[in-house]
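# Chains, contacts and geometry: an overview
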Amino acid sequence: SAQFMAGPKPIYWLMPWFMILLVAATIDQKNIGLYDAVHKYLYDFIFWIGPIPLPGGGTTLVLITISLALKFLFFSPWSWKRCGIILSHLGCLMLLLGGLVTIIDSEEGFIIIPEGEERNYYQDYHNRDLVISNNKNVSIVFNFDDIKAEDVLKNSDFPFNINIIDKCNNCDVIPSDNKERQGLAKEIMLKYKASELNREENFSGLTFSLIEKDSQEIIGEFITLEDVKQDKFYKNYNFEIVRRKTNLPFSIVLEDFRKIDYPGTNKASNYQSDLTLRENNVRWPVTIEMNQPYRYKGY
């Protein structure tokens, strides 16, 4: 009942369980990596130990939020003498709701900018895309995570279909001598490799064949690897696996980067970057350094 959920007993059971989940995530990150551990124990609503389903951090935090909200709204005597308790409940609710918004709405990524160059996008740590371009103009983008072996990728603008022979989210490259294949596929083969503990370190790849639409003849078998550019696949078509890019409403120029060492050592005490932010015709300088980020328009 609502009165039971607003009482102290649910919190007495839920808080120790959430502490157990925190400990489990801390320990298991050595085996499955930080990203997977956080999602398994703290974000997901259910996690499994063998065939046994258990409530995850998502379920636990939702129940805690419901309990505090019911207590705060309906079962707390509103008086000046109890204002400290009421404010404490309100503060806990704000923290929980703020965490929920962060989980749902926030995105993380990175930008690699050589000194003197400019970027107006950031790249995703985990999500990748298969980008097929024609004469260096992007024609179509497939979500790499959705692609599976034996899939056939089609597009009305292409004179061919793409038959996925093999896919690995994390690949080893081994020598090959298959002269019937094309390009890199003549020299190497892809071998499945277990995911790295830090998923952003995975090295993804695809083995695929192109099939002529009209004749249904196999044009050839090819390999594409993450961030490995090849001059030519078929006619003027190019296939790349890239980390997903998100455009920014402004651009960033890296003017200078500095590594500052402790006196008499090569050990870094600080890193600094002088940036220029450009939006439309406006330019302004910014310096960022360790523990001193710059925030602009929610970024």
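A few points on the structure.

Cut-offs applied
Residue indices begin from 1 for each chain and proceed along its sequence in written order. This being a predicted model, a pLDDT of at least 70 is required before a residue's local features are given, and a value of 80 or more before pairs of side-chain atoms are given or counted; all residues contribute to the totals for chains, interfaces and linings. As a rule here, side-chain values come from all non-hydrogen atoms in the structure, and water together with hydrogens is ignored. Fitted lines through C-alpha atoms give the axes, limited to the stretch in contact for helices. The angle between two N-to-C directions lies from 0 to 180 degrees. Secondary structure elements follow DSSP: runs of H or I no shorter than four residues count as helices, runs of E no shorter than two count as strands, and numbering proceeds from the N terminus. In these notes the angle categories are as follows: under 35 degrees is roughly parallel, over 145 is roughly antiparallel, 65 to 115 is roughly perpendicular, and the rest is oblique. Should the near helix be turned anticlockwise from the far one by less than a right angle, the crossing is left-handed, and should it be turned clockwise, the crossing is right-handed. Contacts are residue-level and defined by heavy atoms, with any inter-residue pair within 4.5 Å sufficient. Put simply, Ala, Val, Leu, Ile, Met, Phe, Trp, Tyr, Cys and Pro go in the nonpolar bin, Asp, Glu, Lys and Arg in the charged bin, and everything else, Gly too, in the polar bin. Note that a disulfide, as used here, is simply two cysteine sulfur atoms within 2.5 Å. A simple rule labels every residue: compare its accessible area, found with a 1.4 Å probe on the protein chains alone, to the largest value its type can have, and call it buried under 20%, exposed over 50%, or partly exposed in between. Whether two strands pair comes down to DSSP finding at least two bridges between them. Residues belong to one nonpolar core when they are buried, are Ala, Val, Leu, Ile, Met, Phe, Trp, Tyr or Cys, and are joined through side-chain atoms within 4.5 Å. Like-charged residues are merged into a patch within 9 Å and nonpolar side chains (Val, Leu, Ile, Met, Phe, Trp, Tyr) within 5 Å, provided each residue has over 30% relative accessible area and no salt bridge. Residue exposure ignores everything except the shown protein chains as possible cover, and the areas themselves are Shrake-Rupley values with a 1.4 Å probe. Here, a salt bridge means any side-chain nitrogen of Lys or Arg that lies within 4 Å of a carboxyl oxygen of Asp or Glu.

## Notes on the packing of helix 2 (residues 8-32) against helix 4 (residues 57-74)
Where helix 2 contacts helix 4, the two axes come as close as 10 Å, and the packing angle between them is 150°. Classed by the angle they form, the pair helix 2 and helix 4 counts as roughly antiparallel. The two elements helix 2 and helix 4 cross, and the hand of that crossing is left-handed. In this structure, helix 2 uses Pro-10, Ile-11, Leu-14, Met-15, Trp-17, Phe-18 and Leu-21 to contact helix 4, whose residues at the interface are Gly-57, Thr-60, Leu-61, Leu-63, Ile-64 and Ser-67. A per-class count over the contact of helix 2 with helix 4 returns ten nonpolar, three polar and no charged.

## Here we look at the state of the cysteines
Applying the stated rule across the entire model yields one disulfide. Across the disulfide from Cys-168 sits Cys-171; the S-S distance is 1.8 Å. Looking down the S-S bond of the Cys-168 and Cys-171 bridge, the torsion is 100°, so its handedness is right-handed. Each member of the pair Cys-168 and Cys-171 is classed as buried. The structure places no disulfide on Cys-83, whose sulfur is separated from the nearest cysteine sulfur, that of Cys-92, by 15 Å.

## Quick word on the sheet that holds strand 11 (residues 218-225)
Backbone hydrogen bonds hold the strands of a sheet together, and the pairing may be parallel or antiparallel. Here four strands make up an open sheet; going across it, the order is 6-7-10-11 and the pairing antiparallel. Whereas interior strands pair on both sides, the edge strands pair on one side only; in this sheet they are strand 6 (152-153) and strand 11. Looking at chain direction, strand 7 (residues 160-168) and strand 10 (residues 205-212) are connected through eight bridges and run antiparallel. For Asn-161, the partnering residue across the bridge sits in strand 10 and is Ile-211.

## Comments concerning the side chain of Arg-119
Looking at the element boundaries, Arg-119 is found in strand 4 (residues 118-134). On the accessibility criterion, Arg-119 (19% relative accessible area) is buried. In this view, Arg-119 contacts Ile-111, Ile-112, Ile-113, Pro-114, Phe-250, Ser-251 and Ile-252; residues no more than four positions away in its chain are not counted.

## Some details on the nonpolar core
Nonpolar side chains in soluble globular proteins tend to end up buried together. Residues Ile-132, Ile-162, Phe-208 and Phe-239 are the most contacted members of the largest nonpolar core, which totals 20 residues. For this core, the elements supplying multiple residues, two or more each, are strand 4, strand 5 (137-143), strand 7, strand 10 and strand 12 (237-261). The residues touching Phe-239, leaving out its near neighbours within four places in the chain, are Val-131, Ile-132, Phe-160, Ile-162, Phe-208, Leu-210, Thr-224 and Phe-233. Listed in part, the ten residues of the second largest apolar core include Tyr-122, Leu-248, Leu-254 and Tyr-296.

## Thoughts on the packing of helix 4 against helix 5 (residues 83-105)
Axis separation between helix 4 and helix 5 bottoms out at 10 Å; the angle between their running directions is 145°. Helix-helix and strand crossings are classified by hand; for helix 4 and helix 5 the assignment is left-handed. In this structure, helix 4 contributes Leu-61, Ile-64, Thr-65, Leu-68, Ala-69, Lys-71 and Phe-72 to the contact, and helix 5 contributes Ile-86, His-89, Leu-90, Cys-92, Leu-93, Leu-96 and Leu-97.

## Points about the environment of Gly-109
Among the structural elements, Gly-109 can be located in strand 3 (residues 109-110). Classification of Gly-109 as partly exposed rests on a relative accessible area of 32%. Measuring from C-alpha to C-alpha, the distance between Gly-109 and His-126 comes to 8.7 Å, with 17 residues separating the pair along the chain. Dropping the residues within four chain positions of it, Gly-109 is found in contact with Tyr-122, Gln-123 and Tyr-125.

## Things to note about unusual backbone geometry
Note: most peptide bonds trans; most residues except glycine with negative phi. Positioned with a positive phi, Asp-227 is a non-glycine residue whose angle comes to about 60°. Structurally, Asp-227 can be placed in the loop between strand 11 and strand 12. Asp-227 gets classed as exposed once you look at its relative accessible area, which sits at 53%. Positive phi values are uncommon outside glycine, yet Asn-280 reaches one of about 55°.

## Some thoughts on a nonpolar patch on the surface
A contiguous nonpolar surface patch, about 570 Å² in accessible area, is contributed by Phe-45, Ile-46, Trp-48, Val-62, Leu-63 and Ile-66. Top element by residues in the nonpolar patch is helix 4. It accounts for three residues. Within the element layout of this structure, Phe-45 appears in the loop between helix 3 (34-43) and strand 1 (46-49).

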